[in-house]
Amino acid sequence: ARFSMDDNGGEAGPSATEIVDYARYIGMDPIGDVNLLWIAEEALCASLPEGWTEHTDAAGNAFYYNAGSGVSSWEHPLDEYYRSLFLKLKKILIDNRAASKVNESA
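Residues numbered from 1 in each chain as written. Predicted model: local features only at pLDDT ≥ 70, side-chain atom pairs only at ≥ 80, totals over all residues. Heavy atoms only, no water.

Visitor: Is there a simple way to think about the packing of helix α1 (residues 16–25) against helix α2 (residues 37–45) in this case?
Guide: Each pair of packed helices gets described by two things: the angle between the helix axes and the distance between those axes. In contact at an axis separation of 9 Å, α1 and α2 are set at 105° when each is read in the N-to-C sense. Taken together, α1 and α2 sit at an angle that is classed as roughly perpendicular. In this structure, α1 uses E18, I19, Y22 and A23 to contact α2, whose residues at the interface are L37, A40, E41, A43 and L44. Of the residues belonging to the contact of α1 with α2, the class tally is seven nonpolar, no polar and two charged. (Axes fitted to C-alpha atoms, helices over the stretch in contact; angles between N-to-C directions. Helix = DSSP H or I, 4+ residues; strand = E, 2+ residues; numbered from the N terminus. Parallel < 35°, antiparallel > 145°, perpendicular 65-115°, else oblique. Contact = heavy atoms within 4.5 Å. Nonpolar A, V, L, I, M, F, W, Y, C, P; charged D, E, K, R; others polar.)

Visitor: In this structure, what is going on with α1? I would like to understand it.
Guide: Owing to its 3.6 residues per turn, the α-helix brings residues three or four apart onto one side. Of the positions making up α1, those classed as buried are I19, Y22 and A23. One side of α1 holds all its buried residues, which, seen down the axis, span an arc of 105°. Opposite the packed face of α1, turned more than 90 degrees from it, sit the exposed residues T17 and R24. (Buried < 20%, exposed > 50% of the residue type's maximum accessible area, 1.4 Å probe, protein only. Arc of directions from axis to C-beta.)

Visitor: Help me understand α2, please; the structure alone is not making it clear to me.
Guide: Listed as buried for α2 are L37, I39, A40, A43 and L44. Each buried residue of α2 lies within a common arc of 155° when the element is viewed along its axis, so the set occupies one face.

Visitor: I would appreciate a short explanation of the nonpolar core in the present structure.
Guide: Residues Y22, I26, M28, I39, Y82 and F86 are the most contacted members of the largest nonpolar core, which totals 16 residues. When contributions to this core are tallied by element, the ones reaching two or more residues are α1, α2 and α3 (79–105). The element that contributes the greatest number of residues to this core is α2, accounting for five residues. Residue contacts for I26: discarding those within four places in its chain leaves I39, D79, Y82, R83 and F86. (Core = buried A, V, L, I, M, F, W, Y, C linked by side-chain atoms within 4.5 Å.)

Visitor: Looking at this structure, how should I read the packing of aromatic side chains?
Guide: Geometry of an aromatic ring pair is reported as the spacing of the ring centres plus the angle between the planes. The tally for this structure, following the rule as stated, stands at three aromatic pairs. Ring geometry for Y22 against Y25: centres 5.8 Å apart, planes inclined by 45°, an arrangement best described as tilted. A residue pair is termed a helical-turn pair when its members lie 3 or 4 positions apart in one helix, as Y22 and Y25 do in helix α1 at three residues. Relative accessible area serves as the criterion here: at 7%, Y22 is assigned to the buried category. Take Y25: its relative accessible area is 42%, and that puts it in the partly exposed class. Where Y81 meets Y82, the ring centres are 4.9 Å apart and the plane angle is 80°; that geometry is what we call edge-to-face. (Phe/Tyr/Trp six-rings, centres within 6.5 Å; stacked < 30°, edge-to-face > 60°.)

The structure is reproduced here in structure tokens:
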């Protein structure tokens, strides 16, 4: 999970600001794509995939490491999955809207 802790050190869930910031990071328009913001929230709550661990470099930047493959990445291993999910669902919504307009004018 990639969000702030509550005052007691427990996970409070992502804040609205964290959700909006992550939504922008994966290419969403938080207003235009408001019906898809659940993807950003789910991404922020997702655990690392098996084999991945989170680390911090000397400058305090988070990075991810997979001991099995020896791969390290600045990007969370699931970011691309959630970016692709957003783009796929957005395309479906756009296609459905276009189909509705065609049907309405027929």
